[in-house]
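Summary of structural features
Below are the chains, spelled out letter by letter.
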Amino acid sequence: MSIQEWKETIPQFSALCDMEEIFWVNPNKESVEEANRKVDYSMDDILDASKRLERFAPFIKMTFSDTEDTNGIIESFITEISDFKQYLTDLYDVEIPGKMYLKRDDSLPIAGTIKARGAIYEVLKHAEALALDNGLLESIKDDYTCFSSEEFHQFFSQYQIVVGTTGNLGISVGTMARALGFNVVIHMSVEAKEWKKAFLRERGVTVIEHNTNFTEAVNQGRQESLANPNSYFVDDEHSVDLFMGYTVGGLRLKTQLEDAGITVDKEHPLFVYLPCGIGGSPGGITFGLKQVFGDNVYCFFSEPAHMSSMLLGLMTQNYDKINVNDVNIEGKTVMDGLAVPQTSGFVAELMEHYFDGGFTVSEDASMHLLAKMYELEDIPLEPAALAGTPGPAKLHLSEEGQQFLKDNGLENISQNITHLAWATGGSMVPVEEMKEFIEAGKETY
Ligand SMILES: *Cc1c(COP(=O)(O)O)cnc(C)c1O
């Protein structure tokens, strides 16, 4: 189909191309039971990933002091944000029944962004496989604190790990891979912030700067890695391991909500709003949540209106065969963690029957909400991390959202909904830079 035909036949497609804020309900969503029949992955894979992270916990605890309190488990807490929710009500002039929480991946140990879930998992899995194949580990029952020994470091120093990134994936991969002793080469796209490059170089990472977008930086990294048999490429576009690392976040939320006395069942649904770049983190977490909570959890991903690659891929069902530039979307955004012009085909096709929908946020809205989140809740977030936060307002404000509540029999129990916006990064942003973000945000009031 041509772009013109899409504009004529797909609801809201024109608005998407015009970079307007939209709220989209996924017409291809199915029940979890149905969707599960079509994919190759299951709860067993999530549990396998979770167990691997537990095996490494003693090593992580002794290597990264900020994981001491959690015994080497890389996890974040949730915060109720009632003042911010009240502000959304005022700003968008819409009632938002129920409670609203923020998932604090902005404060994840080691790397301070959601990437610490997927990227660190993939590096650990690769290290474990190498250690087993080469006889350094006898079995997965060994004591994994040996990963901090000189012998292991020497061994891993023969190997290289490569990644292409807008910045945050590089921080997570680079920090863990260097801690294990790997050589690390990171290809940075044009969005990458100076402090992220400096942070990595201080840790002995080779940083290669590209004056091109994320998709190009990834291609460069992949080429370089392929040329070296001792090199491993963390592939944000295709990696199953990265995806599985993220799913564990969904699994662990269950206990966390139980501990906080928050019920999730048919009468008390959970609505989750996830910032989306290439799709791995919102996809993986949604997959995990759906396995845990079944049809009682509703998951929406959120993208910059200027970088709506997952929406473009899903609406047209062209997945990674279409790029924002193909429909003249500008492809520049302050939400640098989401600056991905072409989505992951692997994630888009896998998640097509699970995502409940998605929405877009303007550049100004992200900065405005950033400043307000700081002012009202004292939580400093990076621009990408705000993308999910207007979700509850968009749900109740848009015709599509209202219809969605009706179609799912939720219109009369909306006061029972728990809204959870996933905050995906912020704690590592230098103070000066955060001040500039907040000042820029205030200018949009
Ligand atoms: C990468 C990133 C995301 C999105 O994750 P994807 O796997 O790229 O979809 C969201 N927020 C921040 C801060 C990120 O760095």
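See the structure above.
Residues numbered from 1 in each chain as written. Predicted model: local features only at pLDDT ≥ 70, side-chain atom pairs only at ≥ 80, totals over all residues. Heavy atoms only, no water.

1. Comments concerning the overall build of the protein chain
- Across its full length, the protein chain holds 18 helices and 11 strands.
- Against the globule reference of 22 Å for 445 residues, the protein chain gives a C-alpha radius of gyration of 21 Å, in line with a compact fold.
- For the protein chain, the accessible area works out to roughly 17,000 Å², and carbon and sulfur atoms hold 45% of it.
- Side-chain charges of the protein chain comprise 34 positive and 70 negative groups, with the mean position of each set lying 3 Å from the other. (Helix = DSSP H or I, 4+ residues; strand = E, 2+ residues; numbered from the N terminus. Rg over C-alpha atoms; globule rule 2.2 N^0.38 Å. Areas by Shrake-Rupley, 256 points an atom, 1.4 Å probe, with all protein chains shown as cover. Lys, Arg positive; Asp, Glu negative; His and termini not counted. Charge placed at Lys NZ, Arg CZ, Asp CG, Glu CD.)

2. Notes on the packing of helix H4 (residues 43-63) against helix H6 (residues 115-133)
- Interhelical geometry of H4 versus H6 gives an angle of 85° and a closest axis separation of 10 Å. Compared by their axis directions, H4 and H6 come out roughly perpendicular. Listed contacts from H6 to Ala49, Arg52, Leu53, Arg55, Phe56, Phe59 and Ile60 of H4 are Tyr121, Leu124, Lys125 and Glu128. (Axes fitted to C-alpha atoms, helices over the stretch in contact; angles between N-to-C directions. Parallel < 35°, antiparallel > 145°, perpendicular 65-115°, else oblique. Contact = heavy atoms within 4.5 Å.)

3. Things to note about the pairing of strand E6 (residues 206-209)
- By the bridge criterion, 4 bridges tie strand E5 (residues 183-188) to E6 in an arrangement that is parallel. Along E6, the bridge assignment pairs His187 with Ile208.
- As for the winding sense of the linkage, the β-α-β connection from E5 through helix H9 (residues 194-202) to E6 is right-handed. (Pairing = 2+ DSSP bridges. Right-handed = clockwise from strand over helix to strand, strands pointing away.)

4. As for the environment of Gly331
- Take Gly331: it is sitting in the loop between helix H13 (309-316) and helix H14 (345-351).
- Overall, the relative accessible area of 18% leaves Gly331 in the buried class.
- Counting along the chain gives 231 residues from Gly331 to Met100, while the straight-line C-alpha distance between them is 31 Å.
- Residues within four places of Gly331 in sequence aside, it is in contact with His306, Met307 and Val324. (Buried < 20%, exposed > 50% of the residue type's maximum accessible area, 1.4 Å probe, protein only.)

5. A word on the sheet that holds strand E2 (residues 78-80)
- Overall, mixed pairing links the 7 strands, which are arranged E1-E10-E9-E8-E11-E3-E2 in an open sheet. Here the strands that pair on one side only, and so sit at the sheet edges, are strand E1 (23-25) and E2. The sheet shows a mean angle of 25° between the axes of neighbouring strands, direction not considered.
- Here strand E8 (residues 270-275) pairs with strand E9 (residues 297-304) via 6 bridges, running parallel. Within E9, the position partnered with Tyr273 by the bridge is Phe300.
- Against the sheet, helix H17 (residues 399-407) makes contact with E1, E8 and E9, and its axis sits at roughly 35° relative to E1, the strand it touches most.

6. Re H6
- Counted at 1.5 Å a residue, the expected span for H6 with its 19 residues is 27 Å, and the 27 Å between its end C-alpha atoms agrees.
- Buried residues dominate H6, accounting for 15 of its 19 residues.
- A positive phi of about 75° marks Gly135, the residue just after H6. (Expected span 1.5 Å × (residues − 1).)

7. So, the environment of Glu202
- Inspection of the secondary structure puts Glu202 in helix H9.
- Between the C-alpha atoms of Glu202 and Thr70, which are 132 residues apart in sequence, the distance is 27 Å.

8. Section: the site of the ligand
- The immediate surroundings of the ligand are formed by 15 residues, with Lys115, Asn168, Gly277, Gly279 and Thr424 found nearest.
- Separating an oxygen atom of the ligand from a side-chain N or O atom of Ser281 is a distance of 2.8 Å.
- In this structure, a nitrogen atom belonging to the ligand sits 2.7 Å away from a side-chain N or O atom of Thr424.
- In the complex, the protein chains occlude 99% of the 370 Å² of accessible area that the ligand would expose alone.
- Here the shell around the ligand gets 3 residues from one element, more than from any other, and that element is helix H12 (residues 280-293).
- Grouping the amino acids of the shell around the ligand by side-chain chemistry returns 6 nonpolar, 7 polar and 2 charged. (Near = heavy atom within 4 Å. Polar contact = N/O pair within 3.5 Å; in protein donor to acceptor, adjacent residues only side chain to side chain. Nonpolar A, V, L, I, M, F, W, Y, C, P; charged D, E, K, R; others polar.)

9. Considerations on H13
- When you tally the buried positions in H13, you get 8 out of 8 residues, the bulk of the element.
- Along H13, the residues that are buried comprise Ser309, Met310, Leu311, Leu312, Gly313, Leu314, Met315 and Thr316.
- Taken together, the buried residues of H13 touch helix H1 (3-9), helix H2 (13-17), E1, E9, H14 and strand E10 (357-361).
- Phi turns positive, to about 55°, at Gln317, one or two residues after H13.

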